[in-house]
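# Topology and contacts: notes
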Amino acid sequence: MKKIFSLLIIAVGITSSKASDISDCLSSAGIDVTTNLIERTFENYTAYVDINFQWQERGEHRLPLAYLKVQSAPDVQFAVKCARGLGLMVVARAGGHGYLKYAYGQNDDKTIVLDLQNLNEISVNQERRIATIGAGARLGHVAYQLWANGNFFIPYGVCSSVGVSGYTL
């Protein structure tokens, strides 16, 4: 309850200029901000709390300025350009299981998180024994698709919701 209450206090006190600036920039690039941008505002409180779920209890709870659910590689490119132009830090999040919470940034008011969960496509070329895996895929989905498409497998732990990006890096 303490974390939810502190989020409410911070959400009310946020200056909307940075958030609206990123929204304007992303909109001008053709990104659907109404659906895909979740800003840390009072109006977006429920959606923000849902997407800002942090697996790791250790360390300080992070409250990034906004989350963008990217739909494509060009979305990532435009988001990075917009954020950098506004002096914001960009963090990519696949599963959000980071031990030290790097997937949520280090400076709340200057961080936009690119949520990669929709970049989860997987294709397997059985003849060449090569898989192409999207940056937002999670290990359970990857393991299932590899097995279903040629009885291939990768070693991983017991948590299927870990993002493949951080794991493979």
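Below or above, wherever it landed, is the structure these notes cover. All residue numbers here refer to positions counted from 1 along the written sequence of the relevant chain. Only residues with pLDDT of 70 or above have their local features reported here, since the model is predicted, and side-chain atom pairs are shown and tallied only from 80 upward, although totals for entire chains, interfaces and linings are computed over all residues. In computing side-chain values, all of the structure's heavy atoms are included and hydrogens and water are not.

## Comments concerning the sheet that holds strand β3 (residues 89–93)
Two strands in a sheet stick together by hydrogen bonds in their backbones, pointing the same way (parallel) or opposite ways (antiparallel). One requirement defines pairing of two strands: DSSP has to find at least two bridges between them. Under the DSSP-based scheme used, a helix requires at least four consecutive residues in state H or I and a strand at least two consecutive residues in state E, with every element numbered from the N terminus. With mixed pairing, 4 strands are arranged side by side in an open sheet as β1-β2-β4-β3. Every other strand in the sheet has two partners, leaving β1 (37–39) and β3 as the edge strands with one partner each. Taken pair by pair, the neighbouring strands of this sheet meet at an average axis angle of 20 degrees, ignoring direction. For β3 and strand β4 (residues 111–115), the ladder comprises 5 bridges, and the chain directions are parallel. Bridging across to β4, Val91 finds its partner in Val113. Lines fitted to C-alpha atoms define the axes, with helix axes restricted to the stretch in contact, and inter-axis angles between N-to-C directions lie between 0 and 180 degrees.

## A short note on the nonpolar core
Core analysis: the biggest nonpolar cluster contains 17 residues, and Ile22, Leu26, Leu37, Leu68, Val70 and Ile112 have the highest contact counts within it. If you list the elements that add at least two residues to this core, you get α2 (16–28), β2 (66–69), α5 (73–85) and β4. Whether two residues touch is decided by their heavy atoms; if any such pair falls within 4.5 Å, the residues are in contact. If we skip the residues at most four places from it in the chain, Ile112 touches Ile22, Leu37, Ala66, Leu68, Ala83, Met89, Val90 and Val91. In terms of nonpolar packing, the next biggest core, distinct from the first, is built from 8 residues, Ile38, Tyr48, Ile51 and Tyr67 among them. Joining through side-chain atoms within 4.5 Å is the link that ties buried Ala, Val, Leu, Ile, Met, Phe, Trp, Tyr and Cys residues into a set, and such a set is a nonpolar core. For each residue, the accessible area found with a 1.4 Å probe, counting protein chains only, is set against the maximum for its type, and the residue is called buried under 20%, exposed over 50%, and partly exposed in between.

## Brief notes about the pairing of β2
Pairing of β1 with β2 involves 3 bridges; the strand directions are antiparallel. In the strand pairing of β2, Ile38 is matched with Tyr67. Note that β2 and β4 share 4 bridges and pair parallel. Directly across from Lys69, in β4, lies its bridge partner Asp115.

## Quick word on unusual backbone geometry
Phi at Arg129 is positive, roughly 60 degrees, even though this residue is not glycine. For Arg129, a relative accessible area of 62% translates into the label exposed. Residue Asn151 is not a glycine yet carries a positive backbone phi of 60 degrees. Note on placement: Asn151 falls in the loop between α6 (139–148) and α7 (164–168).

## Topic: the pattern of salt bridges
Any two side chains of opposite charge can pair, so long as their charged atoms come close to each other. Whenever Lys or Arg places a side-chain nitrogen within 4 Å of a carboxyl oxygen from Asp or Glu, that contact is recorded as a salt bridge. The tally for this structure, following the rule as stated, stands at 2 salt bridges. The residue Arg40 makes a salt bridge to Asp109 at a minimum N-O spacing of 2.5 Å. One end of the pair, Arg40, is in the loop between β1 and α4 (45–51); the other, Asp109, is in the loop between β3 and β4, with 69 residues separating them in the sequence. The class for Arg40 is buried, based on a relative accessible area of 2%. For Asp109, a relative accessible area of 44% translates into the label partly exposed. Arg93 is the partner of Asp115 in a salt bridge, and the nearest nitrogen-oxygen pair spans 2.4 Å. With Asp115 in strand β4 and Arg93 in strand β3, this residue pair connects regions lying 22 residues apart in the sequence.

## Considering α5
Taking 1.5 Å of rise per residue, 13 residues should cover 18 Å, and α5 covers 18 Å from first to last C-alpha, within 8% of that figure. Residues of α5 that are buried: Asp75, Ala79, Cys82 and Ala83. Taken down its axis, α5 places every buried residue within 95 degrees of arc, on the same side. Exposed residues on α5 whose side chains face more than 90 degrees from its buried face are Ala73, Gln77, Lys81, Arg84 and Gly85. Multiply 1.5 Å by the residue count of a helix minus one, and that product is the helix's expected span. Here, the arc refers to the directions that run from the helix axis to the C-beta atoms.

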